[in-house]
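Summary of the model geometry
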Amino acid sequence: MIEEQAIVIKASKEHVTLEVVRSKPCGLCGQVRGCGNSIWGKIFSHQSGLIETRNNLNAKLGDVVILGIDETLMLKGSLMLYGVPLLLMFLGMAIANSFVTHMIEFYTLMGAVLGLSLGVMMIKRAINEKMQMFYNEAQLIRFK
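Every value quoted in this text rests on a predicted model; they were computed, and no experiment measured them.

**Considerations on the overall build of the chain**
Each helix and strand in the chain was counted, giving three helices and five strands. Listed by position from the N terminus, the elements making up the chain come as β-β-α-β-β-α-α-β. Looking at the chain residue by residue over its 144 residues, the buried ones come to 27%. Of the contacts formed within the chain by residues at least 6 apart in sequence, a portion of 73% connects residues at least 24 apart. For the chain, the exposed surface amounts to about 9800 Å²; the carbon and sulfur share of it is 63%.

**Let's talk about the packing of aromatic side chains**
With the rule as written, the count across this model stands at one aromatic pair. Between Phe106 and Tyr107, the ring centres sit 5.4 Å apart and the planes meet at 75 degrees, which makes this aromatic pair edge-to-face. Of the residues examined, Phe106 reaches a relative accessible area of 40% and is grouped as partly exposed.

**Quick word on the sheet that holds strand 5 (residues 139–143)**
If you walk across this open sheet you meet the five strands as 3-2-1-4-5, and the pairing is antiparallel. Taken across any chain shown, the strands that pair with only one partner, and hence form the sheet edges, are strand 3 (50–54) and strand 5. Neighbour-to-neighbour, the strand axes of the sheet open up by a mean angle of 45 degrees, direction not taken into account. Direction of pairing for strand 4 (residues 64–69) relative to strand 5: antiparallel, over a ladder of four bridges. Looking at the pairing, Ile66 lines up with Arg142 of strand 5.

**Quick look at the pattern of salt bridges**
Scanning the entire structure with this criterion turns up one salt bridge. For the salt bridge of Arg142 with Glu3, the shortest nitrogen-to-oxygen distance reads 3.1 Å. One end of the pair, Arg142, is in strand 5; the other, Glu3, is in strand 1 (residues 2–11), and 139 residues separate them in sequence. With relative accessibility at 39%, the residue Arg142 sits in the partly exposed group. A relative accessible area of 38% places Glu3 in the partly exposed class.

**Some points on the UniProt feature "transmembrane region" (unreviewed entry) in the chain**
When the UniProt feature table is mapped onto this chain, "transmembrane region" (unreviewed entry) is found at residues 79–100 and 106–123. For residues 106–123, the end-to-end C-alpha separation is 26 Å, with 100% helix and 0% strand making up the annotated structure.

**Let's talk about the environment of Leu86**
With respect to the helices and strands, Leu86 occurs in helix 2 (residues 71–99). Distance from Leu86 to Ser117, taken between C-alpha atoms, is 9.9 Å for residues 31 residues apart in sequence.

About the thresholds
Residues numbered from 1 in each chain as written. Predicted model: local features only at pLDDT ≥ 70, side-chain atom pairs only at ≥ 80, totals over all residues. Heavy atoms only, no water. Helix = DSSP H or I, 4+ residues; strand = E, 2+ residues; numbered from the N terminus. Buried < 20%, exposed > 50% of the residue type's maximum accessible area, 1.4 Å probe, protein only. Contact = heavy atoms within 4.5 Å. Areas by Shrake-Rupley, 256 points an atom, 1.4 Å probe, with all protein chains shown as cover. Phe/Tyr/Trp six-rings, centres within 6.5 Å; stacked < 30°, edge-to-face > 60°. Pairing = 2+ DSSP bridges. Axes fitted to C-alpha atoms, helices over the stretch in contact; angles between N-to-C directions. Salt bridge = Lys/Arg side-chain N within 4 Å of Asp/Glu carboxyl O. UniProt positions renumbered as here; feature names shortened; annotations may be inferred.

Below, the structure written as structure tokens:
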């Protein structure tokens, strides 16, 4: 189980809204809160690090809690985030390469760019629609 520290910023009996506090600084900017400057953050428009999940510890506003998420869920998310665009890039290359007889390199490159772009757009749409599903898997483990 991957554990991160979080602060309760909104609480009810059933749900809490948490802001995750990074324990290690961002490699790009050195901040531990509210970075959002990574390339993926820019592509996927990450605005905030707020997570809403079940309040199984009866946490109150301002409490510092430990949030846990299963490693397999993180692995699946990483595979989806990186694997789908790469797979579509190679598929675009193969399809473009099989349909042309001249200027093969140019069309293969265009197929790769088109496949990668399609993969990034698909992942962006999936994240926008299903990110709450991943957040619901996160659970409060204990108070800090």
